[in-house]
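Chain and residue survey
Spelled out, the chains give:
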Amino acid sequence: MSDPSPPGKFVLPVILISAAVFAVLFFPPLGALVGGLAPAPLIFVYLQRGQVVGLILMGLVFIVLMLLAGPQQALLFAAEYVVMATILAETVKAQLTMDKCIFLSALGSMVLATFFLFILFGGETSLVEFFQQQIMKHFDLSMEALKSMGENQANLDSMQEDFEEIAQTFASAYPAFIMVGSLVTAAVNFFLVRFLWIKLYGQTLFRQEKFSELVLPDFLVWMLIGSSASLFFSGSSIGALGVNLFALVILVYFFQGLAVTVHILESKKAHFVIWALVFFLIVIQPVLMGLVIGLGLFDIWVDFRKIRKIDPTSGFHTP
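Before going into details, it helps to say that this report is about the structure given with it. (Residues numbered from 1 in each chain as written. Predicted model: local features only at pLDDT ≥ 70, side-chain atom pairs only at ≥ 80, totals over all residues. Heavy atoms only, no water.)

**Thoughts on the overall build of the protein**
To keep things clear, this is the line we draw: Only DSSP runs of H or I with at least four residues qualify as helices, and only runs of E with at least two residues qualify as strands; both kinds are numbered from the N terminus onward. Relative accessibility under 20% of the residue-type maximum defines a buried residue, over 50% an exposed one, and the middle range a partly exposed one, all with a 1.4 Å probe and only protein chains included. Whether two residues are in contact is decided by their heavy atoms: any pair within 4.5 Å suffices. Residue exposure ignores everything except the shown protein chains as possible cover, and the areas themselves are Shrake-Rupley values with a 1.4 Å probe.
Summing up its helical and strand segments, the protein has 13 helices and two strands in all. Counting every position in the protein, which comprises 319 residues, the buried fraction comes to 38%. Sequence-distant contacts, at least 24 apart, represent 71% of the contacts inside the protein between residues at least 6 apart. In the structure as shown, the protein presents an accessible area of about 17700 Å², 72% of it carried by carbon and sulfur atoms.

Pasting the structure below:
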């Protein structure tokens, strides 16, 4: 969608993209956070200036990254963020629902990111061994961070031994970890771009839908039950499939639980400080994350928001 907007509205996304690139290159701890928001400016420019300008900008970012960080980092950036940004922008322009925009962009990013990771770093190893190596790399980085913070060496050695024993189990779920990360990144960037777009241009492009009214189909609960049962077959291909499916379904119910939480805050007309406090506690407290997942799951039967309808032909809830 081309838009004759003031030049300042085009310059800002370019500045944000440049800041994200330099943060990733020169401040790795900050880059992990800022890099996850890198698709937002790309999506915004793509929607604002059209497909051609959007793709040219993505190409320029790719070239800059390749010159500064090398072809491997540039390819991974393209697989993770450029693909995500392109699919998100196109699905928004096609007026798809928010869940489809997020899922399709995350799926495309996950598939290509996994492919390039394996091609670039996999070598002659099997897929499970490759995933195990990636997990150990992330764990080693965490160990280095703990060591720099003064953690006792004996505790670090004990953690190292314990983690090596369970790394293979985690390796079977590595595709789900990538997909979960892609879904979260896609969701954050979608809502950020939608918020900025509506503030600048009004409800001119995005569908008029509310996150607080997100309703998942009831059949997903059977996926949760089936994937939970398959966990008893750990070490087999059925167990590996179950672990991956279980992680994804749990994330989906977490999103629905967040929708219920947002609905409650909206209905109570909570102050901004209350909103910030609630979401901050959800992020840092695993117990509250579990509570949110429970809200999403039990919404199937309780219907906390009273927005579900019963299909008279099947007896099941419908969105």
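Picking up after the structure, the text goes on.
**So, the packing of helix α12 (residues 272–284) against helix α13 (residues 286–302)**
Rules: The convention used is that axes are lines fitted to C-alpha atoms, helices contributing only their stretch in contact, and that angles between N-to-C directions extend from 0 to 180 degrees. In this scheme, roughly parallel covers angles under 35 degrees and roughly antiparallel covers those over 145, while 65 to 115 is roughly perpendicular and the rest are oblique. Each residue gets one of three labels, nonpolar for Ala, Val, Leu, Ile, Met, Phe, Trp, Tyr, Cys and Pro, charged for Asp, Glu, Lys and Arg, and polar for the others, Gly among them.
Two elements in contact, α12 and α13, have axes separated by 5 Å at closest approach and are oriented at 105°. One finds that α12 runs roughly perpendicular with respect to α13. Taking contact as the criterion, the partners of Leu281, Ile282, Val283 and Ile284 in α12 are, on α13, Pro286, Leu288, Met289 and Val292. Tallied by class, the residues present in the contact of α12 with α13 amount to eight nonpolar, no polar and no charged.

**Here's the deal with the nonpolar core**
Short version of the rule: Nonpolar core, defined: a set of buried Ala, Val, Leu, Ile, Met, Phe, Trp, Tyr and Cys residues in which side-chain atoms within 4.5 Å join the residues together.
If you look at the biggest cluster of nonpolar residues, it comprises 49 residues, and the most contacted ones within it are Leu47, Phe77, Phe190, Phe206 and Phe255. Listed by contribution, the elements that provide at least two residues to this core are α3 (39–49), α4 (51–69), α5 (71–93), α6 (98–121), α9 (174–201) and α11 (237–267). If we ignore the near neighbours within four places in the chain, the residues touching Phe206 are Leu47, Val92, Gln95, Phe190, Val193, Arg194 and Trp197. By size, the runner-up hydrophobic cluster in this structure holds eight residues, among which are Leu216, Leu220, Tyr253 and Ile300.

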